[in-house]
Amino acid sequence: MTTTATVTRVPMIFSGHFPFNKSCCASQSTVYFLGSSSSTSSRSLFSSSLTTTKRLRRAGFAVLASNSMAPSIVLVTGAGGRTGSIVYKKLKERSEQYVARGLVRTEESKEKIGGAEDVFVGDIRESESIFPAIQGIDSLIILTSGVPKMKPGFDPSKGRPEFYFEDGAFPEQVDWIGQKNQIDAGETLVPSSKAAGVKQIVLVGSMGGTNLNHPLNSLGGGNILVWKRKAEQYLADSGVPYTIIRAGGLQDKEGGVRELLVGKDDELLQTETRTIARADVAEVCIQALQYEEAQFKAFDLASKPEGTGTATTDFKSLFSQVTARF
């Protein structure tokens, strides 16, 4: 398969060719990235490619990768989480359309979702550790998130539980720095046969970000919605085709049986329809890769209660209802 990168309205072709091993990861003996002590020229090329791509996209030029009708390679980060694992599984089930990859934080998480070779272990807080997973992908679905933990010894008779974040896992580190690292990596001119960066980034966040006093911000003193919102803005400003999904309260229920609702600016939080099944969020993530109507858009997502309305099957129509870019 031959792939070229074309910059619309710019008479140039950008390409990069680096050695790869059988797992499509850059060879550690010949390619060095940020944080490496060797190969200054490789680091300079990476930095230059990233800068060039950002400038072109933010100037309004489209940086595109053209290829055949081969299955699209999609990386799901946070693939060990409850929603991320569903997305990863759904992609695996659609092998005629997608080549699924997962990124998890630990070997334990990798084993939990099957331990396949297409699941990478990396730390999103460290840029260089996620590059092996991101090499040559077409799309990126970001499902990483800071997770508050309940302090031990909670007594329900004494009020609400208290929460904390583990050292190194505060929302600023995970939901801002970690997501920013992923977005930056997705923007680069990936050194593979696919010369341009990812075609689309889907980022899953949460409703409530318009309210600084939202209760989620007080959990563990993490201001989690503040940092999520900052990452969303960074993605929207990047120039990469994006879809930002701000999910309502997540439920571990069957998907595909409810009517889905989209909104903006937390309007759905003022209604009785403020929740959604994780399986439905996962499906919307994948469907967003298929329709131009989902690109360069951000929306809140919830659903009607099961048994009311009509189960959503026309996702093009659903995305067409969205008018907000952020």
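This text follows the structure it describes.
My aim in this report is to walk through the structure given alongside it, one point at a time. (Residues numbered from 1 in each chain as written. Predicted model: local features only at pLDDT ≥ 70, side-chain atom pairs only at ≥ 80, totals over all residues. Heavy atoms only, no water.)

**Brief notes about the overall build of the protein chain**
- A tally of helices and strands in the protein chain yields nine helices and 14 strands.
- Looking at the protein chain as a whole, 50% of its 326 residues are labelled buried.
- At a minimum sequence separation of 6, the contacts of the protein chain that also span at least 24 residues come to 75%.
- For the protein chain, the computed accessible surface area is about 15,700 Å², with 51% contributed by carbon and sulfur atoms. (Helix = DSSP H or I, 4+ residues; strand = E, 2+ residues; numbered from the N terminus. Buried < 20%, exposed > 50% of the residue type's maximum accessible area, 1.4 Å probe, protein only. Contact = heavy atoms within 4.5 Å. Areas by Shrake-Rupley, 256 points an atom, 1.4 Å probe, with all protein chains shown as cover.)

**Details of the packing of helix α2 (residues 84–93) against helix α8 (residues 278–287)**
- Two numbers describe how α2 lies on α8: the axes approach to 9 Å, and their chain directions differ by 55°. Judged by the inter-axis angle, α2 sits oblique to α8. Both α2 and α8 take part in a crossing whose hand is right-handed. The residues of α8 that touch α2, namely those facing I86, V87, K90 and L91, are R278, A279, A282, E283 and I286.
- For the contact of α2 with α8, the class distribution of residues is six nonpolar, no polar and three charged. (Axes fitted to C-alpha atoms, helices over the stretch in contact; angles between N-to-C directions. Parallel < 35°, antiparallel > 145°, perpendicular 65-115°, else oblique. Left-handed = near helix turned anticlockwise from the far one by under 90°. Nonpolar A, V, L, I, M, F, W, Y, C, P; charged D, E, K, R; others polar.)

**Brief notes about the pattern of salt bridges**
- Using the criterion set out here, one finds 16 salt bridges in the structure.
- Ionic pairing is found between D123 and R125, a salt bridge with its closest N-O pair at 2.8 Å.
- Overall, the relative accessible area of 31% leaves R125 in the partly exposed class.
- In this structure, K151 engages E162 in a salt bridge whose closest nitrogen and oxygen atoms are separated by 3.3 Å. Of the two residues, K151 sits in the loop between β7 (149–150) and β8 (163–164) while E162 sits in the loop between β7 and β8, which places them 11 residues apart along the sequence.
- Three or more residues joined by partner-sharing salt bridges are found here, namely R82, D252 and R278. (Salt bridge = Lys/Arg side-chain N within 4 Å of Asp/Glu carboxyl O.)

**Here we look at the sheet that holds strand β6 (residues 139–142)**
- Reading across from one edge, β5-β4-β3-β6-β9-β10-β14-β12 is the order of the eight strands in this open sheet, with mixed pairing throughout. For this open sheet the edge positions go to β5 (119–121) and β12 (260–263), each flanked by a neighbour on one side alone. On average, each strand axis in the sheet is tilted by 25° relative to the strand beside it, whichever way the strands run.
- Across three bridges, strand β4 (residues 98–104) lies against β5 in parallel orientation. Directly across from V104, in β5, lies its bridge partner V121. (Pairing = 2+ DSSP bridges.)

Take it as geometry only, folks, not as evidence of what the structure does.
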